[in-house]
Each structure stands twice: as structure tokens, then as C-alpha cells.
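A structural walkthrough
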Amino acid sequence: MKRFLHYLTIAGVAALPSAGYPGNTAEPAPGDAVAVTRRITEGQYRNIIADVFGTDITVGGRFEPDIRDQGLLGIGTSRVSISETGFEQYRDLALTVAAQVTDAQHRGSLIPCTPGSPKAWDDACATKFIQGAGRLLYRRPLDQAELATLVGIAQKSATQLNDFYAGVEVSLASMLVSPQFLFRKEVAVADPAHPGRARLDAYSRAARLSFFLWNTAPDNMLLTAAENGSLNTTAGLSKQVDRMIGSGRMSGGVRAFFADMLGFDEFSTLAKDPAIYPKYSFKAAMDVQEQTLRTITDHLLAQRGDYRDLFTTRKTFLTRSLGALYGVAVVDDVANGLPARWVPYEYAEGDPRAGILTHASFVSLHSHPGRSSPTLRGKAFRETFLCQRVPDPPVNVDFTVVQNTDNPIFKTARERLTAHRTSPTCAGCHKITDPIGLALENFDSAGGYRTLENGAPIDTSGELNGKPFADSVGLGRAIRDNPEAPNCLVTRIYSYAAGQTTKNGKDWIAYLQAGFAADGYRVPALMRRIAVSDAFYSVADTPVEETEQ
Amino acid sequence: MAFRAKTTLSVLSTLAVAAMGFAAPASALQTKSYVVSFFHIATHSDRDACPHGLNPEHVELWTRSLKGLGYSQKDIDELLISQRKNGKAIQEIVRDRGLKPGQENIFAYPFSAPDPNLHTVEGRYSYGFNLDGKTDGGFEDPDTHEQGVDNNLYKAFGCLRPYHVSLPDRPQYENNAWLVLASAMPAWLLSVSGDDLTKDGPVTVTIARALEHTMQDARGQTLADSTFRIDPNPRSHNVMRGALNGGTLSIEPTDIFLEAEPHIISKLHLLQAHLRLTPKPDGNLEGYIGGYTPWFEEYWAHASNGFDAEESGIDMPGLYYALQRLADGPVDPKTGERNFISATWRIELVPAIVADPHNALAELRR
């Protein structure tokens, strides 16, 4: 296999024309997409270790925090580096993982050969392990120089320590702190089918595909398809995409995307006042995320449901502890109720809970520690599901009226916000957030149901873009029928997959949006449409030397 | 505050029908269910409770026991120092201070040690109920001011240091045991059913054991509104007639049996059980449950913990003799002994969802 040119993307490269992509007349060009370098996320790190070495290898420790850019961590990962502290954390993780892989319990199954003596250097065995693990960790075969370096590290350590496995351990730890592992560096090469254009090389293509669909590194079959060139063919690509979409691992990719889009990383810093919301325990905060992700994957994958129906579905999954949070009966037939299991649950017709907007994950994440926030909820609604940008409040805003939930005059959030909006500088933004957020006021900061606030009845009526509704269920119907919601999802999911927003790519997005509608708003179909497209792998980078063979 | 019917009534009724296979009651029955969140011996320890002082704490208790075994003060001092260092020096000596051959372990054979004649409660007040109908000789309930309250369990325990407390403090041993172990035992449930729980009138009360354990909330307290199934074993299923009066729930005297866990309370077995529960503004219930209970079970609930019980300041042979002496329940016609003692426990409950509450009512009607 010939090595080929790779280089990091430089912003500002010349944009490709956006009208028409020569490789597939049905597809417009994706705009000026570029090859990007992204740091793997915590979830991806954990998935890769589990895939390569097994789920019983513990990945303990902390990770460098990701940053959210333009609504997605998936974009922010291309904007981050690794700090000194972060490197120490990755080093500690690497040492822990490498020690487990090579310990007496695991070496027999994870190292594909047995050295002549555990106390002596065995070049062939070490090379075999490093080649195999390196291919999966680096998401491509190691080149000769890399292999020689890693084998040399292992040999030196093994010889000094009189321990073959200690040498392999050091070499494996080296791989796990390497930028080749920690960063997904996409490589652009000349596109032989379209002179003057570039595309991702086969391994970058495999990685983009795998992280998109499975949220992990390419498996052996995908790497093999990259190695033998079939992944660069329409048939070969389709075969791999269909294999991956048909796999149970697809749920991992869908979960990762929606967890990113819904901002679930922010749960790590979410706090609720336990005196006010005693049911919102640490476990409950974990469970509310899982509830929504289970609902989404079941609806989209198992039921092949319409994305828009996520806003109205009465079907979900609950645990006993979540049942307590919601005040509904959750009966599980497991002995003693332990371990807690997820039980399918369907709210009755007329129940105020329908759709993911009414899940505690949404209403609790976008609330304050001691009170709900129609404004935060409305802002999150517009930004998350409609891809609209709501400006931050001016720095000199007086929040006194809004924050005082004990005000005997303004008992409800609606009354407090109405008083607050008398300021013209506030009214503009609150006008677009509050009518949405107030529809969710039946749900307190922890997601519990209420009809009164400070003894006063809660008015949940509102409107979305002039369309009135009476309550949270009506809000769910309003966004379900709003064409901007699925269009936003298309934008989000492409940006997540490509690690960038489109520039000059309106036609490409419009093409995907039309396809999404034609597919009945089935998300797996949308993901497939993106994954098998030429445009998804087309980049504006201009290779200057070699062409992939 | 009156009981409020759950909004989930229809859901529960449906569940009951689905789960139990018979029709729900024809009337529009309201049911409210709870799970026990705290349970301990009811104590009301004012300064008049123990006019002769409290019983010795553990060091004094050990010293007295060791002297009784012939140890010199010098030996005792050295043993106490060693005990502080290694936690073991005295353990076996005090455990095996029984005087009868083959019955040296005083936790298993408390009658093998002499009666230290523990101080018992002589004060005026105790939570509880008048079980025998007599108004002379008993306590006065500090809340209801009912006279003739029978609570000899408190009389036996109340001058032991861990039990010489009043609310909001709780008896140390039971407090700790409950906090640590309550979520590890099948929960205790209470359901109230009636035509209109917002009004005074007759109700049906079910006290039963659940299949599930309780869970904890963000404060480490019992999680409210979680769902439980009633253990189908009838042994721990008690259905009784009750009443709401001014919001306070009571029952007609009856017998109650509930399995429990040894380290908290081995079982709740009550003859002529009485109940008094009052709703709190937050929807919880609190109050008292009492009756005649087997006194040896109360002894064993503590003695089964061995040295730990005495280390908390309870002279186990002394407790054994006090309970035996104060037993005031019915006389066993076969032995002529009183195996039961009047008792009252503090009981606190939080709202819960019981999947099949109407099963109990159907059973009562049959």
C-alpha cells in the first residue's frame, strides 16, 4: 500500500462550485467542505478500547472537556487541542489500559501469540501484536517507520525489565497517547475520477463513516475495504454502509448524535437543589438522559419511525426511580426491583406528557437549580430543534423580578416574565423564547408535573410562529408540523458527521432535506443518504503530490 | 389536612385488573398508598423519665461485668486500654460471661448471667395506646393526652442511653440500622382505600410487605412515589378496617404480622394493633403503631448483633430480664407466661404507588 499525501486543512481554501457535483448528477456539491482533524471524544475513546480489547478493560479517569461549536461537540472537536493537564490524563488512561491488556488475566486472549519466554524479548510476537493493535487504534496500517519505532520501544523496555509483556505494555501505552490515536486526522487526496478535485482517502473515508454511524473506529471489515480499495467504489461503499446500518451498533451512532445535539454533556455540571427537588438524584439525572436516548433509538431504529413524531410520541421507557420522578406507576417483575430495568411505558391519551420536549432530560437541563426557566427552555427549543440563534441577554439586565419566585404579586413564571418584558431591551428576545417555554411550565425544574405555582394556576398557552397551542402537547404538535424541524435535523446531522457546517452548500443541504422528506423523515435513511454520497467525502483541499492508489 | 386521592387512580385500577385478573370494585374507590420511610421504638424522654438515672454506658457496663467475673481494677484498666487499641480484648470475655456451663454466651443465653436490674422508665409520658382499657397505671400520651397508655417496651428501653431521646432525635441504634439497611429489605406498604378520602369516615387499611426495596432520593431519604408490588405471600398481608377522623387515620384493633430483616427488626408481630397516622403538609404521614409484641423478638433483634449491641450501651442480659419482667401481654395458657409486651413504634411514611391496591379490599370483602 502506497502512502499518500496528507496535510491538515487550512481554513479559507478556495470553495468548490456549489451547483452540481460531477460524480453524481443527483447530488449537488457539498460546498466548500474540508478535511478536518478532530480529537476523539470520551465516548469514542471508550468505544474504541471496548472494541479492540473488550468491555472488561476499565477506562477510568477524566478526559479533557470538549467544546461546543455552532451547537455541536461534533464540530467543536475540530477546534480543540490537548493541554498539558489533558495530556497527563490521557497518559494515565493509556497506562491503565495498557497494564490491563497485558496483565496475566487478559494477555492470553488479547495478545495473539505467546512469547518464547515471558522474560525474554520475542520480536515476532511483539511485532504481530503491535501491528494488529496499531491498525485498529490508528485506523490504518502502521507504516514501517512507526512500526519500527513502536517495536523498538517495546524491545528496549522488555530487555531492561526482563519482561516481554512489560515491553508490549509500554509500546501500547505509547500508541494510546499518540496523536495518531487521539486525533482523527482526515487526509485529502486527488480524486482520480474528477481531475482538479479532492476527496478523503480510503482510511479517512472509513473513519468518517464509522464514527458517524457507530461512534467508534472502523472495524476490521471496514479497514479491509479501505485497504483493498473497494470502499472507494460505489458498490463497495454501499455494501459497507448497509452492513453498518443493519448492525445493532447503529444505535451507538444514533445515540451519540442525539446526545450531542441535545447537549447532554451539560448534565455533568447540572445541579438541582435537593431540598426543592429531592427526587432529582444523581441517578435520576443519568436516567433522564437514558430515557430520551432509548426513546429516540427505539422510535427511529426499532420502529423505523418518523423523526417528527419524536415530538408527539407517548411511548417511552422508564425505570422505577424515573416513575417516581414522573409520579407514574412503573411495574417491573424483576426480583426486589433490582437491578433497575427499563420498562416500556406509554402515556395515556390526554396526558400532558408526550414527546421528548416533555421528558425531564429537556426541561430539567434547561432550568435553573431551584426554578424552571421558560426563557432557557424556549431558547434551547429554537436553537436545538429549529437551528435558530437566540442572542444572549445584554450584560446589564436586571433579573430581579424573574428570579424572585416568592414575589406575592407575580406568582407564576408567566407573570414574572411579563413584568420583566416591560423593558424594551428584553422584550425582543423574550418574545421568541417565552411563548414556547411557558408551554412547558407544567414541568418544574426537575421535570416533575405541577398545575400550580405558588398556589396560582399555570397558564401553558402559547404560540410558535403564530400557531397557537394550549399546552406542552400542543407545542409538540406545533413543532412536529413545522418544516424547519426536520430541515434543522438534516443540517445538524450533516454537520455532526462532517465535523463542520456547510459553507456555500445550500444546494447540498436542500438535496438532503428533500431526500429526508421523500424517505418519510426516517433518520437511518437520511444517514445512509449522507454516508453513500460522493459529496460526503468530497473536500475542497487541493492535493499537491500523490494520488491514492 | 385531608387525604387526597391520587390522580393516577385510573391507571392503578387498570394495573390491578391486568395484574390480578379480576374486576376493579364497582364503586369509585379512592386509594392512597405509602411506603414506610422510618420505623423505630417510640421514645419520649423528658427529664422525669428516668428518676434513678440512666443505665451505664458501655465502659461502665464492661467494668461491672468484669468485676463480676473476678477481674481486678488493674486488669480491667489494662483490658480497656487494649480494647481501645485493638477492639477485641474484652469482646470474648464479656460475651462469655454467662455463669451456666455450656451457656456462657450471654447474647444467646442471657439468663445465664445475673439480672443487673436496669433502671426502667417511671415518667408520666409515653407515646402509645391504651391497650387494656384501664386508665390507671399507664402512661399519658404527650400528643393525644390519652390516659392509661400501655407501652412497656419503652419502659424497658427508655433508660438505656441509646434510647433516652426524643424527636427529632431518634434512638441511635435503630436510626443507624434503618438508614443503612432499610433500602436493603423489602419495603413495608400501607394503603388506605375509601369512597372519599377527603372526608371523615370508614376506610380499608392494608399493611403489607412489598416485593421491592425502597430507593433513596437526593437527600438520602426514602424516595417518594415509587412503585411497589405487594408480596403475594399472605403471611405479611394485613387488611383491616379503619377510619379517618379529622384527617387522622386509625384502625380497629386487630393483629398484624410483617416479615422484616433481623438487623432492623426481625418482624413486626402485633396483637391488638392500634394505629394513629396524621398527614403532613408535604403529603407524608407520621404517627405511631402499637400493640402487644413478642418481647423476646425485641430482645433478639438487638442480641443478634452481639458485641455491637453492648458496645452501644445496652446490657443485654439486663434488657432480657427487664422485658421479661415488664411483659404485660396475654398469658400463654400452656406455660402461664406472658410472651408479649405492650409496645409502640414511631412510623413515618412517604407516598408510594402500589400496583395492586384493590386486591386487599377484595380479600376483605370475601
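Rules and cut-offs
- Residues numbered from 1 in each chain as written.
- Chains lettered and ligands numbered in written order.
- Predicted model: local features only at pLDDT ≥ 70, side-chain atom pairs only at ≥ 80, totals over all residues.
- Heavy atoms only, no water.
- Phe/Tyr/Trp six-rings, centres within 6.5 Å; stacked < 30°, edge-to-face > 60°.
- Helix = DSSP H or I, 4+ residues; strand = E, 2+ residues; numbered from the N terminus.
- Buried < 20%, exposed > 50% of the residue type's maximum accessible area, 1.4 Å probe, protein only.
- Lys NZ or Arg CZ within 6 Å of the ring centre and 35° of its normal.
- Contact = heavy atoms within 4.5 Å.
- Pairing = 2+ DSSP bridges.
- Buried area = accessible area lost by both parts, 1.4 Å probe.
- Salt bridge = Lys/Arg side-chain N within 4 Å of Asp/Glu carboxyl O.
- Polar contact = N/O pair within 3.5 Å; in protein donor to acceptor, adjacent residues only side chain to side chain.
- Nonpolar A, V, L, I, M, F, W, Y, C, P; charged D, E, K, R; others polar.
- Domains from an automatic or database assignment.
- Disulfide = S-S within 2.5 Å.

1. Description of unusual backbone geometry
- Cis peptide bonds are those with omega within 30 degrees of zero, and the linkage from Leu167 of chain B to Pro168 of chain B qualifies with 10°.
- Notably, Cys387 of chain A is not glycine yet its phi reads approximately 60°, a positive angle.
- Phi is positive for Asn465 of chain A, close to 50°, though the residue is something other than glycine.

2. Re the packing of aromatic side chains
- All chains considered together, the criterion is met by 38 aromatic pairs over all chains.
- Taking 5.2 Å as the distance between ring centres and 70° as the angle between the ring planes, the aromatic pair formed by Phe257 of chain A and Tyr496 of chain A counts as edge-to-face. Taken together, the positions of Phe257 of chain A in helix α12 (residues 250-261) and Tyr496 of chain A in helix α21 (residues 484-498) put the pair 239 residues apart, joining distant regions of the chain.
- Measuring from centroid to centroid gives 5.9 Å for Phe139 of chain B and Tyr154 of chain B, while their planes differ by 55°, and the two rings are tilted. Taken together, the residues Phe139 of chain B in the loop between α4 (91-95) and α5 (152-157) and Tyr154 of chain B in helix α5 connect sequence positions 15 residues apart.
- A relative accessible area of 4% means that Phe139 of chain B is categorised as buried.
- Each member of the aromatic cluster is reached from another via a ring pair, and the members are Phe257, Phe258, Tyr307, Phe311, Phe362, Phe381, Phe385, Tyr496, Phe516 and Tyr521 of chain A.
- Over the aromatic face of Tyr165 of chain A sits the side chain of Arg107 of chain A, whose NZ or CZ is 3.8 Å from the ring centroid.
- The positively charged end of Arg529 of chain A is found above the aromatic ring belonging to Tyr511 of chain A, 5.9 Å away from the centroid.

3. Some details on the side chain of His44 of chain B
Residue and element names in this part refer to chain B.
- Take His44: it is sitting in the loop between β1 (30-41) and α2 (58-68).
- Taking the relative accessible area as the measure of exposure, His44 reaches 19% and is therefore buried.
- The residues touching His44, leaving out its near neighbours within four places in the chain, are Tyr125, Tyr127, Pro142, Tyr154, Val165 and Ser166.

4. Considerations on the pairing of strand β5 (residues 237-245) of chain B
Residues and elements named next belong to chain B.
- Bridge count for strand β3 (residues 201-213) against β5 is 8 bridges, and the pairing is antiparallel. If you follow Val205 over to β5, its bridge partner there is Met240.
- Of the strand pairs in this sheet, β5 and strand β6 (residues 248-251) are connected by 4 bridges, and their pairing is antiparallel. In the strand pairing of β6, Leu244 is matched with Leu249.
- With antiparallel pairing between neighbouring strands as the criterion, β5 and β6 make up a hairpin whose turn holds 2 residues, including Gly246 at a positive phi of roughly 60°.

5. Thoughts on the interface of chain A and chain B
- Contact residues are listed per partner, giving 21 residues for chain A and 19 residues for chain B.
- Here chain A and chain B share an interface that buries about 1600 Å² over both sides, 61% of which is from carbon and sulfur atoms.
- Linking chain A to chain B there are 1 salt bridge.
- With a shortest N-O distance of 2.3 Å, Lys279 of chain A and Asp225 of chain B are connected by a salt bridge.
- Linking chain A to chain B there are 7 residue pairs in polar contact (both at pLDDT 80 or more).
- Class assignment of the residues belonging to the side of chain A that touches chain B gives a composition of 11 nonpolar, 6 polar and 4 charged.

6. What about the domain arrangement of chain B?
All names here are of chain B.
- You can read the domains of chain B as domain 1 (9-55 + 118-365) and domain 2 (58-112).
- Contacts between domain 1 and domain 2 engage 15 residues on the former and 15 residues on the latter.
- Both faces combined, the contact of domain 1 with domain 2 buries some 1300 Å², and carbon together with sulfur accounts for 62% of it.
- Across the contact surface, domain 1 and domain 2 share 3 salt bridges.
- The interface formed by domain 1 and domain 2 includes 5 residue pairs in polar contact (both at pLDDT 80 or more).
- For the side of domain 1 that touches domain 2, the elements supplying multiple residues, two or more each, are α7 (295-303), α8 (307-311) and α9 (316-326).
- Of the residues belonging to the side of domain 1 that touches domain 2, the class tally is 10 nonpolar, 2 polar and 3 charged.

7. Examining the state of the cysteines
- The full count for this structure, using the stated rule, is 3 disulfides over all chains.
- Between Cys113 of chain A and Cys125 of chain A runs a disulfide, and the two sulfur atoms are separated by 2.1 Å. Judged by the sign of its S-S torsion, about 100°, the bond between Cys113 of chain A and Cys125 of chain A is right-handed. Note that Cys113 of chain A is positioned in the loop between α4 (107-110) and α5 (123-138) and Cys125 of chain A in helix α5, a separation of 12 residues in sequence.
- Among the residues examined, Cys125 of chain A registers a relative accessible area of 3% and is labelled buried.
- Cys50 of chain B shares a disulfide with Cys159 of chain B; S-S distance 1.9 Å.

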